[in-house]
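# Structure at a glance
If you want the building blocks of each chain, they are given just below.
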Amino acid sequence: MSSSMRFAVFNPATGERIGSALDGGADEARAAIDAACAAFPAWAASGAYERAAKLYRAYELVLSKRDELARLMTAEQGKPLKMAHSEVKYAADFLLWFAEEAKRVYGETIPSARADQRFLVRREPVGVVGAITPWNYPVSMITRKVAPALAAGCTIVLKPAETTPLCALAVFEIFAEAGVPNGVANVVTSSNPVPIGEVFCTDPRIRNISFTGSTEVGRKLYQRAAAQFKRVSLELGGHAPFIVFDDADPVHAAKGAAAVKFLNTGQACISPNRIFVQRSIAGPFLETLQKRVTAQRVGNGMDETSTVGPLFSQRALDKVDLQVQDAIARGAKLLAGGNRLVDGDLARGFFYAPTLLSEVTADMRIYREETFGPVAPVIVFDTEQEVLAMANDTGYGLASYVYTQNLSRAMRMFEGLQFGIVGINDINPTSAAAPFGGIKDSGLGREGARQGIEEYLETKLGGFSI
Ligand code: ADP
């Protein structure tokens, strides 16, 4: 494919064309891997303090361009401006965190049984990384991969989502401005991810694939990458339970549920997908939740009064509506929303009404499938044992949430929930300092925290006879 071809980028709130990006293919991916390979030896050999300084400079630049990046994100991805600002800050946090972690890639000396032998363990960068990122967090998902890779001494080729290439290009411009040498951080934009994913899986020079996206695509990449025993980090889908026990304040819990459910229009892998409430407090909980759902202001994210933006595509809108209609047809009670919004300007974008469903049961699609939209399905339960079994009855294992004032119960749930992240009376258990990731169909590996850099490091043993 000729690199002069471009593809258009649209605003999901208005349908307007806001720009275009180069439509790269397999050739562009290979050329970027060539550049990353050429840059690798010098970058890997540069000192940790030098790499940290570049990441720290990128951190400062991201913060200095916070407003500009947030506006671009809202135009390209749709989220309300305030949330775009928060995301840019979150993205910057990874640059700062891994600038610091670069200096803490420690080795080890190990005593030997032989008096004349010494063991020395050294950590080395894995090599060139192939990264693929999604559209829902189009800036922070990039820094969450690039920062640890660069800190470890790896070079990287990143393919952003086809709907959000402009945010990616803006971030890579910042890496260049921060003094990251040519070839160290490369971006290949494309309207078609398949050939680039294939190059990442089959080119032996790519030693690590770091992917954030759907379970379905993650599984394919993992299978393809196995032939060359590449390291693989996968952040995939989720189906988060949100459990409210009757010893918690139902009003406080309902406010928390609404706050986290509608973040990013429900388009987050840690968004609550199944809200379980204990029977004796279901009344007040649902009453508050209903008020909070109907109080959401849906609109273009550039409008400061909007709390919920558009979905990112027609396909996303259709999937959400299908799940809602299926639930209603199978007996769920619709307490708010349940339809696409088409009044006035909303008709131009992919807007869906914030939706509340009660009496959701296990035979409904929404109970099993990941919901990537502004829909809150509520299920009433009776006992702790019952709700733990229901919460764990999913192939996914990313985030989970529990509201309880009983310390023993909180600990039992923390230990019993089969998820990589458990928020106890806490709707935001994420931070650059904390390990993010899932188990089972939600993926492999962790991002952020001291664990995040491990994905990009090999262990080398030296045995010295003296
Ligand atoms: P979603 O359904 O949430 O968009 P995807 O897994 O389809 O999730 O997309 C996440 C990222 O994966 C995007 O960058 C997308 O371009 C990329 N992607 C999708 N299909 C493939 C594929 N077959 N090979 C490689 N990357 C892919």
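Parameters at a glance
- Residues numbered from 1 in each chain as written.
- Predicted model: local features only at pLDDT ≥ 70, side-chain atom pairs only at ≥ 80, totals over all residues.
- Heavy atoms only, no water.
- Core = buried A, V, L, I, M, F, W, Y, C linked by side-chain atoms within 4.5 Å.
- Buried < 20%, exposed > 50% of the residue type's maximum accessible area, 1.4 Å probe, protein only.
- Helix = DSSP H or I, 4+ residues; strand = E, 2+ residues; numbered from the N terminus.
- Contact = heavy atoms within 4.5 Å.
- Near = heavy atom within 4 Å.
- Polar contact = N/O pair within 3.5 Å; in protein donor to acceptor, adjacent residues only side chain to side chain.
- Areas by Shrake-Rupley, 256 points an atom, 1.4 Å probe, with all protein chains shown as cover.
- Axes fitted to C-alpha atoms, helices over the stretch in contact; angles between N-to-C directions.
- Parallel < 35°, antiparallel > 145°, perpendicular 65-115°, else oblique.
- Nonpolar A, V, L, I, M, F, W, Y, C, P; charged D, E, K, R; others polar.
- Patch = residues over 30% accessible without salt bridge, like charges linked within 9 Å, V, L, I, M, F, W, Y side chains within 5 Å.
- Salt bridge = Lys/Arg side-chain N within 4 Å of Asp/Glu carboxyl O.
- Pairing = 2+ DSSP bridges.
- Expected span 1.5 Å × (residues − 1).

To continue, consider the nonpolar core. One finds L95, V146, L150, I156 and F175 to be the most contacted residues of the largest nonpolar core, which totals 51 residues. Of all elements in the fold, only helix 1 (26-45), helix 2 (48-64), helix 3 (66-77), helix 4 (81-101), strand 5 (128-132), helix 5 (140-152), strand 6 (155-159) and helix 6 (165-177) reach the threshold of two or more residues within this core. Residues within four places of L150 in sequence aside, it is in contact with W43, R51, L55, I156, V180, V184 and A185. Membership of the second largest hydrophobic core comes to 31 residues, among which are A240, A258, A282 and A399.

So, about the site of the ligand. Taken together, 16 residues surround the ligand, and among them T133, W135, K159, E162 and S214 come closest. E162 has a polar side-chain atom sitting 2.4 Å from an oxygen atom of the ligand. Measuring from an oxygen atom of the ligand, one finds a side-chain N or O atom of S214 at 2.7 Å. Protein chains shield 83% of the accessible area of the ligand, which is 550 Å² for the free molecule. Looking at the shell around the ligand, the elements with two or more residues in it are helix 7 (193-202), strand 8 (206-212) and helix 8 (215-226). Broken down by element, the shell around the ligand gets its largest block of residues, three residues, from helix 7.

Our focus in this paragraph is the packing of helix 4 against helix 5. Packed helix pairs are specified by the crossing angle of their axes together with the interaxial distance, meaning the distance between the axes. Direction vectors running N to C along helix 4 and helix 5 enclose 5°, while the axes themselves pass 8 Å from each other. By the criterion of interaxial angle, the relationship of helix 4 to helix 5 is roughly parallel. Across from E87, Y90, A91, F94, L95 and F98 in helix 4, the residues of helix 5 making contact are S140, T143, R144, A147, P148 and A151. For the contact of helix 4 with helix 5, the class distribution of residues is eight nonpolar, two polar and two charged.

A word on a nonpolar patch on the surface. A contiguous nonpolar patch, built from L120, F464 and I466 and spanning about 310 Å² of accessible area, is present on the exposed surface. For L120, the location among the structural elements is in strand 4 (residues 117-125). With relative accessibility at 40%, the residue L120 sits in the partly exposed group.

Okay, the sheet that holds strand 6 next. Read across the sheet, six strands follow the order 7-6-5-8-9-17 without closing on themselves; strand pairing throughout is mixed. Strands with a single pairing partner mark the edges of an open sheet, and in this sheet they are strand 7 (185-187) and strand 17 (443-444). Packing against the sheet, helix 6 makes contact with strand 6 and strand 7, and its axis sits at approximately 155° to strand 7. Together, strand 5, strand 6 and strand 8 form the strand contacts of helix 7, whose direction differs from that of strand 5 by roughly 150°.

A few words now on the environment of F372. Assignment of secondary structure puts F372 in the loop between helix 12 (365-368) and strand 14 (375-381). Each C-alpha atom, one on F372 and one on P272, is 9.9 Å from the other, the two residues being 100 residues apart in sequence. If sequence neighbours within four positions are ignored, F372 has contacts with W135, N136, G266, Q267, A268, C269, L311 and V320.

This part covers the environment of L461. Among the structural elements, L461 can be located in strand 18 (residues 457-465). The spacing of L461 and N182 is 279 residues in sequence and 31 Å in space, taken between C-alpha atoms. With near-sequence residues (within four places) excluded, L461 lies in contact with F119, L120 and V121.

Residue position: K79 is located in the loop between helix 3 and helix 4. Residue class for K79 comes out buried when judged on its relative accessible area of 3%. Ignoring anything within four residues of it in the chain, the contact list for K79 reads M73, T74, A84, E87, N136, Y137, P138, N264 and G301.

The next point concerns helix 9 (residues 250-261). Here helix 9 contains 12 residues, and its C-alpha end-to-end distance of 16 Å stays within 8% of the 16 Å for a straight helix at 1.5 Å per residue. For helix 9, the full list of buried residues reads P250, A253, A254, G256, A257, A258, V260 and K261. Along its buried surface, helix 9 packs onto strand 10 (240-244), strand 11 (272-278), helix 10 (282-294), strand 14 and strand 15 (399-403). Where helix 9 begins, the side chain of D249 points an oxygen toward the backbone nitrogen of V251, at a separation of 2.9 Å.

Another point: helix 6. With 13 residues, helix 6 extends 18 Å between its outermost C-alpha atoms, agreeing within 8% with the 18 Å of an ideal straight helix rising 1.5 Å per residue. Considered for burial, the residues of helix 6 that qualify are P165, L166, C167, A168, A170, V171, F172, I174 and F175.

Everything listed here is a matter of geometry and, on its own, says nothing about what the molecule does.
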